[in-house]
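# Observations on the three-dimensional arrangement
For reference, the chains in residue letters:
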Amino acid sequence: MLVPSTRRLDFPGGRRRVFPVGCGSCGVLIEPDADPERCWRDLAGRLAAPVFVPGPDAGYGLDLYTLRSAATRLGRGIRPLGPADRVALLQPHSARAAQSTLYDLGSAERRPVSLGLICRPAERDAVLAALPAQAAWTDDVAILLDAPAAPARAVEVSGFAPGAVRVAARTLDGDFAAQRNALQALARSPWMLQLDADEALDPATGALLPALAALAEAGAIVSVGLPRRNRVDGILSDVYPDVQYRLNRAGTRYAGRVHERPGLPGGWKQSFIALHGAIDHALSGAHVRARSQRYEALDPGRGRIEERDALLRPYRA
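Just so it is clear, the model here is predicted, and its values are computed rather than measured.

### Details of the pairing of strand β10 (residues 113-119)
Along β10, seven of the seven residues are buried, which leaves the element largely enclosed by surrounding structure. The two faces of β10 match: V113, L115, L117 and C119 on one face and S114, G116 and I118 on the other face are all buried.

In structure tokens form, the structure reads like this:
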């Protein structure tokens, strides 16, 4: 979503530009008459190089915080060139135009990531059947059933070592944050990606999560958001990209009975959005029509009744 802007960027060599428009989500700055496709082609070319050098005459501009997200779209990571760039990365949105070294996430340093799944007892078998596809990037899986409390027990799943997959139970009781926090506590890795039973992740997207976790740690980040594609009765919904902050340090805790989000002590600066893939969310129209009212009853004022119509509307690019 483009919004009015008064932000400036200082480019190498002393050039300074003020951009009147910016993206309210990612922070990219852009000239009102710039061609988005031409801007992306220019940016993609610069992201393919070993070092990112900003273009002071391009129709767009980024600080280093925003460049980090943009680079992930092409499976690349960033490293600040020097101390001033490191400061700019940790204090978004800086007036310092982005400069950095670039590297491929696929061959980068990694951190172990657990996979956590929330489901109902009736969904357990389908969740287990889908797990082997994720065995290439995680060796720790925790499944939390919405059922009377039961300690975690190991189950055998093809592709995973004995004991790698565990199933526990806890009653949801209308508090989604509490359920996610209980699942976070089951992680045996320093990071966890959480999914619901009606969500799916392409294994190719999962393969870069350990490198994303390392990228996040290098920038003092504790929460990474992924776009989510909501498909209602198979049709992509207008609620897109619907960023979900599901890749988190294991110690991160969620807040909110419904539409829960990670509670970050340092605020949004401790998070960023990764663009290398998306979570796929399958919904039925009947579920969408009932969901907002149920959420509103659980947490008055936060049910997002207005979101129902947007979910039922096909995506408009």
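### Quick notes on the environment of I221
Inspection of the secondary structure assignment puts I221 in the loop between α7 (209-218) and β16 (223-226). Sequence separation between I221 and G45 is 176 residues, and the spatial gap between their C-alpha atoms is 27 Å. Those residues in contact with I221 that lie beyond four places of it in its chain are R68, W191, A216, R249, K269, Q270, S271 and F272.

### Re unusual backbone geometry
For the peptide bond that leads from P92 to H93, omega is -15°, which places it in the cis range. Inspection of the secondary structure puts H93 in the loop between α3 (83-90) and β9 (100-104). Here the amide bond leading from Y240 into P241 is cis, since omega sits at 15°, within 30 degrees of zero. Topologically, P241 is positioned in the loop between β18 (235-236) and β19 (244-249). Residue D173 is not a glycine yet carries a positive backbone phi of 55°. Along the chain, the position of D173 falls in the loop between β13 (165-170) and α5 (176-184). For D233, which is not glycine, the phi torsion reads 50° and is therefore positive.

### Focus on the sheet that holds β9
Taken in spatial order, the three strands make up an open sheet running β6-β9-β8, and their pairing is antiparallel. Strand pairing shows two members of the sheet lacking a second neighbour, β6 (51-52) and β8 (76-80), which therefore form its edges. The pairing of β6 with β9 spans two bridges and is antiparallel. Bridging across to β9, V51 finds its partner in T101.

### Details of the packing of aromatic side chains
Any two aromatic rings considered together are summarised by their centre-to-centre distance and by the angle between their planes. Evaluation of the coordinates by the stated rule reveals two aromatic pairs. Between Y65 and W268 the ring centres are 5.6 Å apart and the planes differ by 80°, which places this aromatic pair in the edge-to-face class. Of the two residues, Y65 sits in helix α2 (residues 64-72) while W268 sits in the loop between β21 (261-263) and β22 (271-273), which places them 203 residues apart along the sequence. Here W268 falls in the partly exposed class, since its relative accessible area comes to 44%. Ring geometry for Y240 and Y315: centres 5.3 Å apart, planes at 80°, overall edge-to-face.

### Describing helix α8 (residues 285-298)
With 14 residues, α8 should reach 20 Å at 1.5 Å per residue; the first-to-last C-alpha distance of 21 Å fits that figure. Its axis deflected by about 30° at R291, α8 carries its strongest bend there. Buried residues belonging to α8 abut α5, β17 (228-232), β23 (279-283) and α9 (307-312).

### Topic: α2
Among the nine residues in α2, nine count as buried, and that is most of the element. Restricting attention to buried positions, one finds in α2 the residues L64, Y65, T66, L67, R68, S69, A70, A71 and T72.

### Section: a nonpolar patch on the surface
Residues V51, V53 and L81 make up a contiguous nonpolar surface patch of about 230 Å² in total accessible area. Assignment of secondary structure puts L81 in the loop between β8 and α3.

### Points about the sheet that holds β23
Spatial ordering of the open sheet is given by β15-β23-β17-β18, a layout of four strands whose pairing is mixed. Every other strand in the sheet has two partners, leaving β15 (199-201) and β18 as the edge strands with one partner each. The pairing of β15 with β23 spans three bridges and is antiparallel. In the strand pairing of β23, E199 is matched with H281. Sitting on the sheet, α8 is in contact with β17 and β23, with an inclination near 90° to β23.

### Quick word on the pairing of β17
Residue alternation in β17 divides its side chains into a buried set, R228, N230 and V232, and an unburied set, R229 and R231. Bridge count for β17 against β23 is five bridges, and the pairing is parallel. In the strand pairing of β23, V232 is matched with L283. Across two bridges, β17 lies against β18 in antiparallel orientation. The partner of V232 across the bridge, within β18, is I235. Following β17, the chain reverses through two residues before pairing antiparallel with β18; D233 in that reversal takes a positive phi of roughly 50°.

### Here we look at the nonpolar core
L131, I143, V165, L193 and F272 are the most contacted members of the largest nonpolar core, which has 41 residues in total. C39, L67, A70 and L102 belong to the second largest nonpolar core, which has 18 residues in total.

The rules we used
- Residue numbering note: each chain is counted from 1, following its sequence as written.
- Local features in a predicted model are, by the rule used here, given only for residues with pLDDT of at least 70; side-chain atom pairs are given and counted only at 80 or more, and totals for whole chains, interfaces and linings are based on all residues.
- Water and hydrogen atoms were dropped before computing side-chain values, which therefore reflect all heavy atoms in the structure.
- Residue burial is assigned from relative accessible area. The probe radius is 1.4 Å, only protein chains are included, and a residue is buried under 20% of its type maximum, exposed over 50%, and partly exposed in between.
- A run of H or I in DSSP becomes a helix once it reaches four residues, and a run of E becomes a strand once it reaches two; helices and strands are each numbered from the N terminus.
- Contacts between residues were defined by any pair of non-hydrogen atoms, one from each residue, lying within 4.5 Å.
- In this description, strands pair whenever DSSP reports at least two bridges between them.
- To pair, rings of Phe, Tyr and Trp, with the six-membered ring standing in for Trp, must have centres within 6.5 Å; the planes then decide the type, stacked if under 30 degrees apart, edge-to-face if over 60, and tilted in the middle.
- Multiplying one less than the number of residues by 1.5 Å gives the expected span of a helix.
- The quantity called bend is, for any residue, the angle between two axes fitted respectively to the seven residues ending at it and the seven beginning at it.
- Without a salt bridge and with relative accessible area above 30%, a residue can belong to a patch; like charges are then joined within 9 Å and nonpolar side chains (Val, Leu, Ile, Met, Phe, Trp, Tyr) within 5 Å.
- Surface exposure here means Shrake-Rupley accessible area, sampled with a 1.4 Å probe, where a residue is shielded only by the protein chains that are shown.
- Only one rule defines a salt bridge in this text: a Lys or Arg side-chain nitrogen within 4 Å of an Asp or Glu carboxyl oxygen.
- To get an axis, a line is fitted to the C-alpha atoms, and for a helix only the part in contact is used. The angle between two axes follows their N-to-C directions and goes from 0 to 180 degrees.
- Among the buried residues, those of types Ala, Val, Leu, Ile, Met, Phe, Trp, Tyr and Cys that are joined through side-chain atoms within 4.5 Å form a nonpolar core.

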